[in-house]
Amino acid sequence: MTKEAKRLKIEEISNQLRTHNHNYYVLSESTISDYDFDMLLEELQKLEEQFPEFAFEASPTKRVGGEITKNFKTVKHKSRMLSLGNSYSKEDIEAFETRIKKLVENELEYICELKYDGVAIGITYKKGKLFQALTRGDGVQGDDITANVKTIRSIPLQLKGDDYPDEFEIRGELFYPKDVFENLNKEREEAGEDLYANARNSASGTLKMLDSRIVAKRKLDCYLYFVLGDNLPFKTHYDSIKKAGQWGFKVPTEKHQLIKKCTTIDEVFDFITYWAKERGNLNFEIDGIVIKVNDYARQEEIGFTAKTPKWAIAYKFKAEKVATKLLEITYQVGRTGAITPVANLEPVLLAGTTIRRASLHNADQIEKLDIRVNDTVFVEKGGEIIPKIVGVELTQRDMFSVPTDYIKVCPKCETALVRKEGDAKHFCPNEWGCAPQISGKMQHFISRKAMNIDGLGEETIDLLYEQDLAKNIADLYELTFDQLFELESFKEKKSKNIIEGLITSKQIPFERVLYGIGIRFVGETVAKKLAKQFKNIDNIINASLEELVSADEIGDKIAESILQFFSTESNVELINNLKAHGLQFELSEDQLANSTTKLEGFIFVVSGVFSKFSRDELKNLIEQNGGKVSGSISKKTSYIVAGENMGPSKLAKAEKLEVSIINEDQFLDILS
Ligand code: IVH
């Protein structure tokens, strides 16, 4: 290829990727498989490395992050980032209309939008390219978070079309989609980390991360709601949003009723009532509705107060709040020994569900709100997953009540609790002698993503523990059929199943054993990385801090946790015990030899439920044999491995694209 041909190729791939990206992240339409997208991106990366002079400043390769910020630069906003006045009832909104009608003569048109519950940002574009992104800060100046914002796929790096102003700013709200946030928490739970309580705060924290590569993986999303600049080419707010959509921004559309033109307050209120009921069905959090005067000329006539535009107002949904009595504070001990105080409440109805318990988070929280047993407390369900206690009705406090004394010893094993600097929670350090920690560890060990032991479930583990039959993971492998069969309600089949399940589990690959032993912060992904890079457990046990952190994706926190785990005598003993039982503590020959290349060049889509494998096992098998797994069907898909209940839309697509559908047996045939 000539140099010019390479330049053209770079341009062509950049445009293709930009379009696919826009289709997927802004329009929610998938026009390429993940695999093909990654291949194109890789090709572009290689070309750009070869010819950096041809790489676009706003190249799609910039999405993966890489820039590390040491200190966020503070930058003054070109125009202040205002907030909105609040309203809580129809009367409030009618009063808003009365106020502005005194200032304008013409008929008014309103635009209703959702009030996204996220983090406000302002992004400046120059000549169609993303130039700078700032946080709100104090409204006058904010932090320069450009490197992080560039990784967010629904925000264009390069605008489409050519009718955008030379320079303008667009403001919007960044947030975690609900499913992304839930997954994030699931991963944290698996790694034994504290859960994030609230999506908004987490989004805000993510934006302030110093390493943009981590932000790139976090799947933040953004809706835009306000265009600013000199001599904008439109006359109304509505037109500005429409146009912004054409330039490539994610903006609310009428199709999904996310935006509505209204001329009366009754219509405005219909929109409010609709979303007050429907908001649970959105994949992001909203905390109200924003009502804006549409016409720029009218906006100008109406003007601003010091902090808010007078031509717009927010209607806030009520965070549902109820009062109830705090009956008792109990303390839960998690698998990692973390103590969580729990408020046991007089049952009360809140946002459609009966609430009996609420998290009290930690000792500081109890002290800050001065929460005491027998108090009447206010429980609220806001952006948080678990309802929280937001205050105490002091006028109803019993005159003999005393401040809550936080427990000093573990409620289960009575070991003195510790609280390390920087930790919000107290911990029970008795890792191997504290019942909930041990059975929690065993539960984790047998779970589907770890050892996936047939026949063993939570209740059985608890029973085995109580009966002194299994006091740690290794004890499970000492169990005999007779011991199980003697237990109440254990029939022959059940006992046999468990023993067989345990024997089969000895073939579970190293990375899953590593995940299963439950080192704090070593989740599924980290375990995979460790296994791949260190190859066996002894290399991990003997690794220094430096060696650990030099491994891919292992940071200080994880490395320290690993070191600490193996510096405990009983943990090393446990590993030796498990080794003696024949569990896998090194990569298998196959894995070492990088498996086979039998499936090289084939792209598989896996769909449905299988009888011989779990879906993950099947995917691993494909990858180990050199094949690729893709999430969506395209013309390039070689085979769809279909189990029971394959989704009807996938089936239709497969038929349309004439991709072969095979079952798991046919797949095994191909393999052999
Ligand atoms: S317009 C001058 N529209 O709510 C008008 N703001 O409480 C500026 N917000 O600071 C804001 N959704 O961070 C607007 N559809 C929407 C919004 C929205 C959420 C946020 C924004 C603002 C805050 C005010």
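For the structure, check the block above.
Just so it is clear, the model here is predicted, and its values are computed rather than measured. (Residues numbered from 1 in each chain as written. Predicted model: local features only at pLDDT ≥ 70, side-chain atom pairs only at ≥ 80, totals over all residues. Heavy atoms only, no water.)

S.K.: Honestly, the overall build of the protein in this entry has me stumped. Any pointers?
M.R.: Across its full length, the protein holds 26 helices and 20 strands. For 672 residues, the compact-globule formula gives about 26 Å, and the C-alpha radius of gyration of the protein, at 29 Å, lands near that figure. The dimensions of the protein, computed from C-alpha atoms along their principal axes, are 90 × 85 × 50 Å. Here the protein holds 672 residues, and the buried ones make up 48% of them. Considering only intrachain contacts with a sequence separation of at least 6, the fraction spanning at least 24 residues in the protein is 67%. Summed over its atoms, the accessible surface of the protein is roughly 34,400 Å², and 48% of this surface lies on carbon and sulfur atoms. Measuring between centres, the 92 positive side-chain charges of the protein sit 5 Å from its 106 negative side-chain charges. (Helix = DSSP H or I, 4+ residues; strand = E, 2+ residues; numbered from the N terminus. Rg over C-alpha atoms; globule rule 2.2 N^0.38 Å. Buried < 20%, exposed > 50% of the residue type's maximum accessible area, 1.4 Å probe, protein only. Contact = heavy atoms within 4.5 Å. Areas by Shrake-Rupley, 256 points an atom, 1.4 Å probe, with all protein chains shown as cover. Lys, Arg positive; Asp, Glu negative; His and termini not counted. Charge placed at Lys NZ, Arg CZ, Asp CG, Glu CD.)

S.K.: Sorry, what's going on with the packing of aromatic side chains here?
M.R.: The geometry of two aromatic rings is summed up by the distance between their centres and the angle between their planes. Using the criterion set out here, one finds 30 aromatic pairs in the structure. Both rings, one in Y125 and one in F249, keep their centres 5.1 Å apart while their planes meet at 90°; by these two values the pair is edge-to-face. In this pair, Y125 is assigned in strand β4 (residues 119-126) and F249 in the loop between α8 (237-247) and β9 (259-262), connecting sequence segments 124 residues apart. Note on accessibility: Y125 and F249 belong to one class, buried. Ring plane angle 85° and centroid distance 5.8 Å describe the contact between F269 and Y315, whose orientation is recorded as edge-to-face. In this pair, F269 sits in helix α9 (residues 265-278) while Y315 sits in strand β11 (residues 312-316), placing the two residues 46 residues apart along the sequence. Taken together, Y125, Y164, F168, F234, W247, F249 and Y296 form an aromatic cluster joined through their ring pairs. Over the ring of F427 we find K420; its NZ or CZ atom is 5.9 Å from the centre of that ring. (Phe/Tyr/Trp six-rings, centres within 6.5 Å; stacked < 30°, edge-to-face > 60°. Lys NZ or Arg CZ within 6 Å of the ring centre and 35° of its normal.)

S.K.: Just checking my understanding: could you explain helix α13 (residues 458-466) for this structure?
M.R.: Two residues of an α-helix separated by three or four positions point the same way, owing to the 3.6 residues in each turn. Taken together, the buried positions of α13 are T460, I461, L464 and Y465. The arc that holds every buried residue of α13, seen down its axis, measures 135°, which confines them to one face. Looking at α13, the residues exposed on the side facing more than 90 degrees away from the buried face are E458, E459 and E466. Elements that come into contact with the buried residues of α13 comprise α12 (435-446), α14 (473-476), α15 (481-485) and α16 (492-505). D468, located one to two residues past α13, shows a positive phi value of around 65°. (Arc of directions from axis to C-beta.)

S.K.: What exactly am I supposed to notice about the site of the ligand here?
M.R.: In the vicinity of the ligand, 13 residues are found, and the nearest of them are E113, L114, E173, Y225 and K292. Here an oxygen atom of the ligand sits 3.4 Å away from a polar atom, N or O, in the main chain of L82. At 2.9 Å, a backbone N or O of L114 approaches a nitrogen atom of the ligand. Among the secondary structure elements, those contributing two or more residues to the shell around the ligand are β3 (110-116), β8 (221-228) and β10 (286-293). Broken down by element, the shell around the ligand gets its largest block of residues, four residues, from β3. Here the shell around the ligand is built from residues that sort into nine nonpolar, no polar and four charged. (Near = heavy atom within 4 Å. Polar contact = N/O pair within 3.5 Å; in protein donor to acceptor, adjacent residues only side chain to side chain. Nonpolar A, V, L, I, M, F, W, Y, C, P; charged D, E, K, R; others polar.)

S.K.: So what exactly am I meant to see when it comes to the pattern of salt bridges here?
M.R.: Any two side chains of opposite charge can pair, given that their charged atoms come close. Overall, the coordinates contain 30 salt bridges when judged by the stated rule. Here D287 ties to K316 by a salt bridge, and the two come within 3.8 Å at their closest N and O atoms. Of this pair, D287 sits in strand β10 while K316 sits in strand β11, placing them 29 residues apart in sequence. In this structure, R397 engages D375 in a salt bridge whose closest nitrogen and oxygen atoms are separated by 2.8 Å. Here D375 lies in the loop between α11 (363-369) and β15 (376-381) and R397 lies in the loop between β16 (388-392) and α12, a separation of 22 residues in the sequence. Accessibility classification places R397 together with D375 in one group, the buried group. (Salt bridge = Lys/Arg side-chain N within 4 Å of Asp/Glu carboxyl O.)

By themselves, these figures tell us nothing about what the structure is for.
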